[in-house]
Amino acid sequence: MALVSLQGVSLAFGGPEVLDRVSLQIEPGERVCLVGRNGEGKSTLLKIISGEISPDSGEVLRPQGVKIAALSQEVPQDLSGTVFEVVSGGLGGIVGLLSEYHAVSNRLGHESGPGLMPGLMDELLRIQHEIESRGGWQIQQRVDTVLSRLRLDPDVPVADLSGGYKRRVLIARALVNEPDLLLLDEPTNHLDLESIGWLEDFLREYSGSLLFITHDRRFLQTLATRIVEIDRGRLTDWPGDYATYLARRQAELDAEATQNALFDKKLSQEEVWIRQGIKARRTRNEGRVRALKALRNERQARREKTGSADMRLNEAERSGRLVLEAKGISHAYEGRPLIRDFSTLIMRGDKIGIIGPNGSGKSTLLRLLLGSLEPQQGSVRWGTRLEVAYFDQHRAQLDDEKSVMHNVADGYESVTVNGRTRHIIGYLGDFLFPPERARSPVKVLSGGERNRALLAKLFTKPSNVLVMDEPTNDLDTDTLELLEDMLVEYEGTVLLVSHDREFLNNIVTSTVVFEGDGRLAEYVGGYDDWLRQRSPLPAAEAGKPGKKEREPKPGSRPRPERPRTLTFKENRELETLPALIEALETELDELYAVLGDPDFYRTEGSRIPETKARIRETEDKIAAAYARWEALESVREGSD
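Every chain begins its residue count from 1, and numbering advances along the sequence as written. In view of the model being predicted, local features appear only for residues whose pLDDT reaches at least 70, and side-chain atom pairs are presented and counted only at 80 or more, with totals across whole chains, interfaces and linings using the full set of residues. The basis for the side-chain values is all heavy atoms of the structure; hydrogens and waters are excluded.

### A few points about the overall build of the chain
Quick reminder of the rule: Where helices and strands are cited, they refer to DSSP runs of H or I of at least four residues and of E of at least two residues respectively, numbered from the N terminus. The cut-offs for exposure are 20% and 50% of the maximum accessible area for each residue type, with area from a 1.4 Å probe on protein chains only; residues under the lower value are buried, those over the upper are exposed, and the others partly exposed. The contact criterion used is simple: two residues touch if any of their non-hydrogen atoms lie within 4.5 Å. Only the protein chains shown count as cover for residues, with accessible areas throughout obtained via the Shrake-Rupley method and a probe of 1.4 Å.
When its secondary structure is counted, the chain shows 20 helices and 20 strands. The 640 residues of the chain split such that 45% are buried. A separation threshold of at least 6 residues defines the contact pool for the chain, and within that pool the share at least 24 residues apart is 69%. Surface accessibility of the chain: about 33,300 Å² in total, with carbon and sulfur atoms responsible for 50%.

### So, the side chain of Thr618
Its location among the elements puts Thr618 in helix 20 (residues 607-639). Beyond its immediate chain neighbours, meaning those up to four positions away, Thr618 contacts Leu584, Glu587, Leu588 and Leu591.

### Points about the pattern of salt bridges
In plain terms, the rule: Here, a salt bridge means any Lys or Arg side-chain nitrogen found within 4 Å of an Asp or Glu carboxyl oxygen.
Under the counting rule described, the total for this entry stands at 28 salt bridges. The residue Arg168 makes a salt bridge to Asp192 at a minimum N-O spacing of 2.7 Å. Linking Arg168 in helix 6 (residues 163-176) with Asp192 in the loop between strand 6 (181-185) and helix 7 (193-204), this pair joins segments that are 24 residues apart in sequence. For the pair Arg168 and Asp192, one class covers both residues: buried. With a closest N to O distance of 3.2 Å, Arg340 and Asp517 form a salt bridge. Of the two residues, Arg340 sits in strand 11 (residues 336-347) while Asp517 sits in the loop between strand 19 (510-514) and strand 20 (520-524), which places them 177 residues apart along the sequence. Among the charged side chains, a network of salt bridges with common partners joins Asp20, Arg21 and Arg234.

### Some words on the sheet that holds strand 17 (residues 465-469)
What counts here: Strands were regarded as paired on the criterion that DSSP finds at least two bridges between them. In this analysis, axes come from line fits to C-alpha atoms, helices being fitted only over the stretch in contact, and the angle between any two N-to-C directions falls in the range 0 to 180 degrees.
Sheet architecture is open: 6 strands sit in the order 14-17-18-12-19-20, paired in mixed fashion. Whereas interior strands pair on both sides, the edge strands pair on one side only; in this sheet they are strand 14 (388-391) and strand 20. Strand-to-strand twist across the sheet, computed as the mean angle between neighbouring axes with direction ignored, equals 15°. Strand direction decides the pairing type here: strand 17 and strand 18 (residues 493-497), joined by 5 bridges, are parallel. Its bridge partner lying in strand 18, Val465 is registered against Thr493. Together, strand 14 and strand 17 form the strand contacts of helix 15 (residues 447-458), whose direction differs from that of strand 14 by roughly 175°.

### Points about the packing of aromatic side chains
Going by this rule: Whether two aromatic rings pair depends on their centres lying within 6.5 Å, for rings of Phe, Tyr and Trp, where Trp uses its six-membered ring; planes under 30 degrees apart make the pair stacked, over 60 edge-to-face, and the rest tilted. The rule for a charge over a ring is simple: NZ of Lys or CZ of Arg within 6 Å of the ring centre, and within 35 degrees of the ring normal.
Going through the model one piece at a time under the given rule, you end up with 7 aromatic pairs. Ring centres of Phe212 and Phe219 lie 5.8 Å apart, and the angle between their planes is 90°; on these two criteria the pair is classed as edge-to-face. Both residues of the pair, Phe212 and Phe219, belong to the buried class. Over the aromatic face of Phe433 sits the side chain of Arg452, whose NZ or CZ is 5.1 Å from the ring centroid.

### Let's talk about the confidence of the model for the chain
For the record, the criterion: A residue's pLDDT is the predictor's confidence in that residue, given on a scale from 0 to 100.
Residues with a pLDDT of 70 or more make up 84% of the chain, whose mean pLDDT is 80. Scored below 50 in pLDDT, residues 537-562 shows 7 contacts in the model against residues more than four places distant or in partner chains.

### So, helix 15
Applied cut-off: Multiplying one less than the number of residues by 1.5 Å gives the expected span of a helix.
The end-to-end C-alpha distance of helix 15 is 17 Å, a good match for the 16 Å that 12 residues give at a rise of 1.5 Å each. Helix 15 sits mainly inside the fold: 12 of its 12 residues count as buried. Among all positions of helix 15, only Gly447, Gly448, Glu449, Arg450, Asn451, Arg452, Ala453, Leu454, Leu455, Ala456, Lys457 and Leu458 are buried. Looking at the packing, one finds that the buried side of helix 15 touches strand 14, helix 12 (404-409), helix 13 (424-429), helix 14 (435-438), strand 17 and helix 16 (477-489).

### Digging into the environment of Tyr242
Position of Tyr242 relative to the elements: it lies in helix 9 (residues 242-274). Residues Tyr242 and Cys33 lie 209 residues apart in sequence; the distance between their C-alpha atoms is 9.4 Å. Excluding residues within four positions of it along the chain, Tyr242 makes contact with Arg217, Leu220, Gln221, Ile227, Thr477 and Glu481.

### Some words on the environment of Ile274
With respect to the element layout, Ile274 can be found in helix 9. On the basis of relative accessibility, which here comes to 22%, the residue Ile274 falls in the partly exposed class. In this structure the C-alpha to C-alpha distance between Ile274 and Arg288, which are 14 residues apart in sequence, comes to 9.2 Å.

### Considering the sheet that holds strand 10 (residues 322-333)
Within the open sheet, the 3 strands sit side by side as 11-10-13. Their pairing is antiparallel. Every other strand in the sheet has two partners, leaving strand 11 and strand 13 (377-382) as the edge strands with one partner each. Each strand of the sheet is rotated relative to its neighbour by a mean of 15°, with strand direction disregarded. Summarising the sheet, strand 10 and strand 11 pair through 8 bridges and their orientation is antiparallel. Across the sheet, residue Glu325 finds its bridge partner in strand 11, namely Leu345. Where helix 11 (residues 362-370) meets the sheet, its contacts fall on strand 10, strand 11 and strand 13, and the angle it forms with strand 10 comes to roughly 130°.

### Some details on the side chain of Ser330
Tracing the backbone through its elements, the reader meets Ser330 in strand 10. Judged by relative accessible area, which is 12%, Ser330 ranks as buried. In this view, Ser330 contacts Ile339, Arg340, Asp341, Pro375, Gln376 and Gln377; residues no more than four positions away in its chain are not counted.

### Things to note about unusual backbone geometry
A positive phi angle is found at Arg385, which is not glycine, with a value near 55°. Looking at the element boundaries, Arg385 is found in the loop between strand 13 and strand 14. With a phi angle near 55°, Asp410 is a residue other than glycine that sits in the positive phi range. Tracing the backbone through its elements, the reader meets Asp410 in the loop between helix 12 and strand 15 (414-417).

Right, dumping it as structure tokens:
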């Protein structure tokens, strides 16, 4: 028997129907992923199933006794109490008994005396008996287990937690009820990679059914046994995994496009015929006239598929080859080391992923690298001609009270992107904002729309260094893949904080990982490459102070006792190389400017090959200088 069944359900909010006579059944043991573009009604459908809102027509059937728990996309602002109280709050009166038991136990420990002892003991036994009769200790253990697995302190006030930890509390609250059907709306938002991995494993072993919305393609591929797509008010069922869905959906869209083209061609031919006049008014042609009217009505009722976003980055002049160099930077907060002795060299065109647990210091690292925060130890040196654009995960750059167009264009009616001036309404249309939505205040936008608005604002600024802190939250898969393609083709430098594993795999060239206790390490490649390269030691044990080094394997080369150090001459050479590289890059830019001047080609012919030869020679010198710099740096680091 189905856990929930929708039959002919329709719902509209004043415009086209969000749900148009849809039907859906969720069976026991299923893990169904609901996919669709932002604004198609995915969250609305979950609210109908949970009973939070009622449809305009149709039936929602829930068998008696079926438990349904839901996790909303947004974190409620009115959460209060301790973590234990919030997580266990949905379990009923048994939670009050457990709290009462602990209170009486505490009184026995602190107020025991000849007169109090018997009465308190009787009260404690009574409460204990009632808890046992209602399975209370199992519930307590269930809450404790979930809190432990999600690394949550039961005694901490929820109001003191960050947004990511509040989301963990809500996930724990949904899971601890052990519902028959669990509804999750973007459950991976603001979770770190370890928590996402744990949630995947937990839900894969979960005995109940699952209906979830996610933009995380790895999460979807791992969990979904069936995919349901919502598109233009209709639901389409796609059995199988995500890869199968993508292939079959594309074939369906191609067939739909072909069918629509044939229909439009026939309608166009009939419109030409009707305009011939006298032939259409003959009695024997009345059936053809009626058929034309039916075609017109069918064409008018057709809902076109929402187009794809057409986002373009506004790229600035190329930066210098060196973007930044950090040497031994360290930073602590309230005595806790966030970053300890970290060094890195970032060159033009690098795409660096930054991953780590929530609260580990990823945003602090960005601030140190960008210069908005001074390191407590070490130094950061920046290259030349840097134009930085910053995407803030909290969307603080958007004013909730002002319209989307005012936020993006700073009150002007046009924006200039890559030398082309466009009206703000047309520009926002590329980001899937119709005119009425572009004029709406930001505070009424969904999470995905807010992200698109911030991207639209960000991409009006010329940049050659793009810093993005969790840009994928709430974006639908189509927009996410478009953003991914843009970042791959971007010729500038990218610093990317993300917990989206596929996004990291497809974009970054190297990954900086927070490995605990302020230690950072850099790995070549994306998320999967890091998994292959990282130490097999458990994170809790790796790098502990005083931990002995592992013994070398038999037959392995012994580590040299005294590594080579730089000579005095090599140290002087290393100090002068950055200035030499800057001078060579400036010379190279000047040569390219000469070569790009049309008047240059009117000079005597011998200057052209001479200038091109100087460009090749300068490029070779720059490459040699960088190679020498890296070689000397590796010797110095090996001797530290």
